[in-house]
Amino acid sequence: MTEADLLKQEIFDKTRQYYNLVHKPSQQKPFVAGDSRIPYAGRVFDENELTNLVDSSLEFWLTTGRYAAQFEQEFAGFIGVPYCCLTNSGSSANLLAFMALTSPKLGERRIKHGDEVITVAAGFPTTVAPIIQYGAVPVFVDITLPTYNIDCSQLQQALSAKTKAVMVAHTLGNPFDLALVKAFCDTHNLWLIEDNCDALGSRYQHKGTWRYTGTIGHIATSSFYPPHHMTMGEGGAVYTSDPLLKRLVESFRDWGRDCWCPSGKDNTCSNRFGQQFGELPYGYDHKYVYSHFGYNLKVTDMQAAIGCAQLQKLPGFIEARKKNWKLLRDGLASLEEYFILPEATENSDPSWFGFLLTVKEGAGFTRDQIVHKLESKGIQTRMLFAGNLIKHPCFDEMRREGKGYRVVGELATTDQIMNNTFWIGVYPGMTEEMVGYMIDSIKMV
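The structure reproduced in this document is the subject of the present report. (Residues numbered from 1 in each chain as written. Predicted model: local features only at pLDDT ≥ 70, side-chain atom pairs only at ≥ 80, totals over all residues. Heavy atoms only, no water.)

Topic: the side chain of serine 56
Relative to the helices and strands, serine 56 resides in helix α2 (residues 47–59). Judged by relative accessible area, which is 2%, serine 56 ranks as buried. For serine 56, the side chain forms a polar contact with the main-chain oxygen of aspartate 301, separated by 3.4 Å. The residues touching serine 56, leaving out its near neighbours within four places in the chain, are Trp61, Tyr67, Asp301, Met302 and Ala305. (Helix = DSSP H or I, 4+ residues; strand = E, 2+ residues; numbered from the N terminus. Buried < 20%, exposed > 50% of the residue type's maximum accessible area, 1.4 Å probe, protein only. Polar contact = N/O pair within 3.5 Å; in protein donor to acceptor, adjacent residues only side chain to side chain. Contact = heavy atoms within 4.5 Å.)

Observations regarding the packing of α2 against helix α9 (residues 301–331)
A pair of packed helices is characterised by two quantities: the angle between their axes and the separation of those axes. Interhelical geometry of α2 versus α9 gives an angle of 155° and a closest axis separation of 8 Å. One element, α2, and the other, α9, form an angle in the roughly antiparallel class. As for the relative orientation of α2 and α9, their crossing is right-handed in sense. On the side of α2, the interface is formed by Asn48, Glu49, Asn52, Leu53, Ser56 and Ser57, while α9 contributes Asp301, Met302, Ala305, Ile306, Cys308, Ala309, Gln310 and Lys313. Counted by class, the contact of α2 with α9 contains six nonpolar, five polar and three charged residues. (Axes fitted to C-alpha atoms, helices over the stretch in contact; angles between N-to-C directions. Parallel < 35°, antiparallel > 145°, perpendicular 65-115°, else oblique. Left-handed = near helix turned anticlockwise from the far one by under 90°. Nonpolar A, V, L, I, M, F, W, Y, C, P; charged D, E, K, R; others polar.)

Some thoughts on the packing of α9 against helix α13 (residues 432–444)
Contact pair α9 / α13: the axes reach a minimum separation of 10 Å and the direction vectors enclose 30°. As summarised for this structure, α9 and α13 are arranged roughly parallel, according to the angle between their axes. Of the two possible hands of crossing, α9 and α13 adopt the one that is right-handed. Residues Lys323, Asn324, Leu327, Leu328 and Gly331 of α9 form the contact with α13, whose participating residues are Glu432, Val435, Met438, Ile439 and Lys443. Class assignment for the residues of the contact of α9 with α13 results in five nonpolar, two polar and three charged.

Comments concerning the sheet that holds strand β14 (residues 354–359)
Read across the open sheet, the three strands follow the order β12-β14-β16; overall the sheet is antiparallel. Only two strands of the sheet have a single partner each, and these edge strands are β12 (339–340) and β16 (421–425). (Pairing = 2+ DSSP bridges.)

Structure representation (structure tokens):
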């Protein structure tokens, strides 16, 4: 071993010692009912994430590099698609997935300004933001209980001559009815974008075969923000089985450039100075040809290094989420008089992000009352994100002008979850003792 190798090994050893001294004790701190806080989500990690992070920092490559390439390959293999493109957040992943479908390279199938995209208002805003920011028109349909997913019975009513895509999320890990939505998209030649940010590891039985969500639509996204199924701190991914869509995502991610050379590499196409592009001089450097109005949304190699360690833990994370969700579902089964309890979509095997509860009319208490009670006991809660997105200030101007989006029906169930629904966590860092305390606390309200 070289002197540098020996020094690096010593640094790694010290990093492991630091983890055991600083982080491990706090992770193993005993739970004290009524005193310890139970977060809705959190990071679960060990010394491997820290040593990977240090290894990457010592290389000082900083931007996308070998760890990013390793993660893209391993993640694609896990999820079951040929192509994965890392980016700096789940929100950026949604932006890239949508913008890829606006490329002129897609011909008549491209999404143009004024075209319509079917979605829901009961979700996270960055599923919808790219549609509006580009100048397309979101068409909002309602959701159904107790799955909290898109109401497929409204798809036909939402369809128009301008419809080009369906872009929806699998709510809190529960897959939407992929068979119906995919069939609808296939019938009408629409793109299907799966926002898989809350559902990594969820499965759906499609045409007799169990597949991970994110692999049935044309393109899908994941988020690696700390509360999600695995983390890089910040980070996201876009994945697809379509080689053209993969190239388009990378172009929009990497400044809109035409060249596909990896960072730090030249002349991957072996014809860097021998092509004609637009009205540029013949032979203009392919590394500086831009086919799209793109961004710089790459991930750093330090983030990817953490992700590579997290990916090894992902199967265990998924099983822990399922276990904690089932403990809650079984423990609260006697409270159906007061709550609408969540149910998995038919033909699905969810990797749950949280446990949803909707307070029924006549329960004797309100959503806000039980939320305040649980929070006072140290149990962190969350709303179902936006509740009804079009009721938020960001829609004020559009609502006043009566343009920029379309609504199918009354969104009655969306308003119901806005007023009556909350959720608690099931993340892998929870113990059975914590879950039991949450069950007991809810029963006492």
